[in-house]
Amino acid sequence: MAEPLRLMCILAHPDDETLGFGATLAKYAAEGVETYLITATRGERGWHRDPSDNPGMDALGQIREKELRTAAECLNIGDICLLDYIDGDLDQADPPEAIARIAAYVRQVRPQVVLTFAPDGAYGHPDHIAISQFTSAALVAAADTSFPIPHPPHRVSKLYYHIVTQELVDVYLSVFDDIVMMVDGVERRAVIWPDWAVTTRIDGSDYAEDVMKAVKCHQTQIPADDGFLARLSENAVALCRMQHYMRVYSLVNGGREPEDDLFAGIT
Ligand SMILES: [Zn+2]
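About the cut-offs
- Residues numbered from 1 in each chain as written.
- Predicted model: local features only at pLDDT ≥ 70, side-chain atom pairs only at ≥ 80, totals over all residues.
- Heavy atoms only, no water.
- Helix = DSSP H or I, 4+ residues; strand = E, 2+ residues; numbered from the N terminus.
- Rg over C-alpha atoms; globule rule 2.2 N^0.38 Å.
- Buried < 20%, exposed > 50% of the residue type's maximum accessible area, 1.4 Å probe, protein only.
- Contact = heavy atoms within 4.5 Å.
- Areas by Shrake-Rupley, 256 points an atom, 1.4 Å probe, with all protein chains shown as cover.
- Lys, Arg positive; Asp, Glu negative; His and termini not counted.
- Charge placed at Lys NZ, Arg CZ, Asp CG, Glu CD.
- Axes fitted to C-alpha atoms, helices over the stretch in contact; angles between N-to-C directions.
- Parallel < 35°, antiparallel > 145°, perpendicular 65-115°, else oblique.
- Left-handed = near helix turned anticlockwise from the far one by under 90°.
- Nonpolar A, V, L, I, M, F, W, Y, C, P; charged D, E, K, R; others polar.
- Expected span 1.5 Å × (residues − 1).
- Salt bridge = Lys/Arg side-chain N within 4 Å of Asp/Glu carboxyl O.

Caption draft 1: Here's a closer look at the overall build of the protein chain. A tally of regular secondary structure across the protein chain gives nine helices and nine strands. The globule rule puts the C-alpha radius of gyration for 267 residues at 18 Å, and the 18 Å found for the protein chain is close to it. Once the C-alpha set of the protein chain is aligned to its principal axes, its extents read approximately 50 × 40 × 35 Å. Going through the 267 residues of the protein chain one by one, you find that 53% of them count as buried. For the protein chain, contacts bridging at least 24 residues in sequence account for 81% of all contacts bridging at least 6. As presented, the protein chain carries roughly 12200 Å² of accessible surface, and 52% of it is formed by carbon and sulfur atoms. Of the charged side chains in the protein chain, 22 are positive and 41 negative, and the gap between their average positions amounts to 5 Å.

See the structure below:
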């Protein structure tokens, strides 16, 4: 019997799975692919409501873990592995330890396809950059017979980066005020990839409702006082249609032919 198809997302924060990758995860789950998620932090620093109501990092981490788990149910994610790093500090994690923990889960699950952020972290977010780097290294470690971690070695067949294109940013900017963060006194914004860099376009527009349900699970992340949810709802189909990926490596296919399936070439 053929191995079941398995897809794993390796990300930094609760809500990364919904906003960036939700339609892809929901689509593949609906098609019978087993889906898995690593979330490196509990998002303890992400408070988007009245600052005077912030319950503190520990409590917020617990709340956001619950939000993540209910959102994952909306997207039919099979299992979540939380790595317990602190939001905002992921780039200070000990690399051998982080890589070994990711690689152990990869060996345990044995996905054929892995998704993560591009090395620019979508908009320069240091946690996103860190998880992208750790993911690449962990896939090497998972396949390395000499790497001392549990479970037999496993080679992931394909790795993809989620990449940001101009059309995606245009839609995002009609939903969010801006996509910007300050790091070390420098403003970081979305890094826009040219259309030709997209190797793989996944149309997840049929799953926009599931993604909206998942967004609503992340209550702590929803601004209370404006029309955010209404704007997002209006644009959800467009966002879910534009799941754009760059194939980073593939053991099973290649070339310039555009893909519409992350499992292309896997038999
Ligand atoms: Zn994030």
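Caption draft 2: Expanded view of the packing of helix α7 (residues 166–173) against helix α9 (residues 228–241). Here α7 crosses α9 at 165°, and the two axes come no closer than 10 Å. Here α7 lies roughly antiparallel to α9, going by the angle between them. Crossing hand, α7 versus α9: left-handed. Taking contact as the criterion, the partners of L168, V171 and Y172 in α7 are, on α9, N235, A238 and L239. Here the residues of the contact of α7 with α9 sort into five nonpolar, one polar and no charged.

Caption draft 3: Representation of helix α6 (residues 126–143) in the model. Along its 18 residues, α6 runs 26 Å from first to last C-alpha, staying within 8% of the 26 Å computed at 1.5 Å per residue. Counting buried residues along α6, 13 of its 18 residues qualify, which places the element largely inside the surrounding structure.

Caption draft 4: Here's a closer look at helix α2 (residues 22–30). Taken across its nine residues, α2 has eight buried, putting it largely inside the fold. Along α2, the positions that sit buried rather than exposed are G22, A23, T24, L25, A26, K27, Y28 and A29.

Caption draft 5: Representation of the pattern of salt bridges. Applying the stated criterion across every chain yields a total of 13 salt bridges. For E34, the salt bridge is made with R6, and the minimal N-O distance between the two is 3.3 Å. Of the two residues, E34 is situated in strand β2 (residues 34–41) and R6 in strand β1 (residues 6–11); the sequence distance between them amounts to 28 residues. One salt bridge connects R189 with E187, and the closest N-O pair in it is separated by 3.3 Å. We classify E187 as partly exposed; its relative accessible area is 48%. Three or more residues joined by partner-sharing salt bridges are found here, namely R42, E65, R69 and D84.

Caption draft 6: Region of the structure containing the packing of helix α3 (residues 57–74) against helix α8 (residues 208–217). Running from N to C, α3 and α8 cross one another at 170°; their axes reach a closest spacing of 8 Å. Between α3 and α8, the angle falls in the class roughly antiparallel. In this structure, α3 contributes E67, T70, A71 and C74 to the contact, and α8 contributes D210, K213, A214 and C217. In the contact of α3 with α8, the residues fall into four nonpolar, one polar and three charged.

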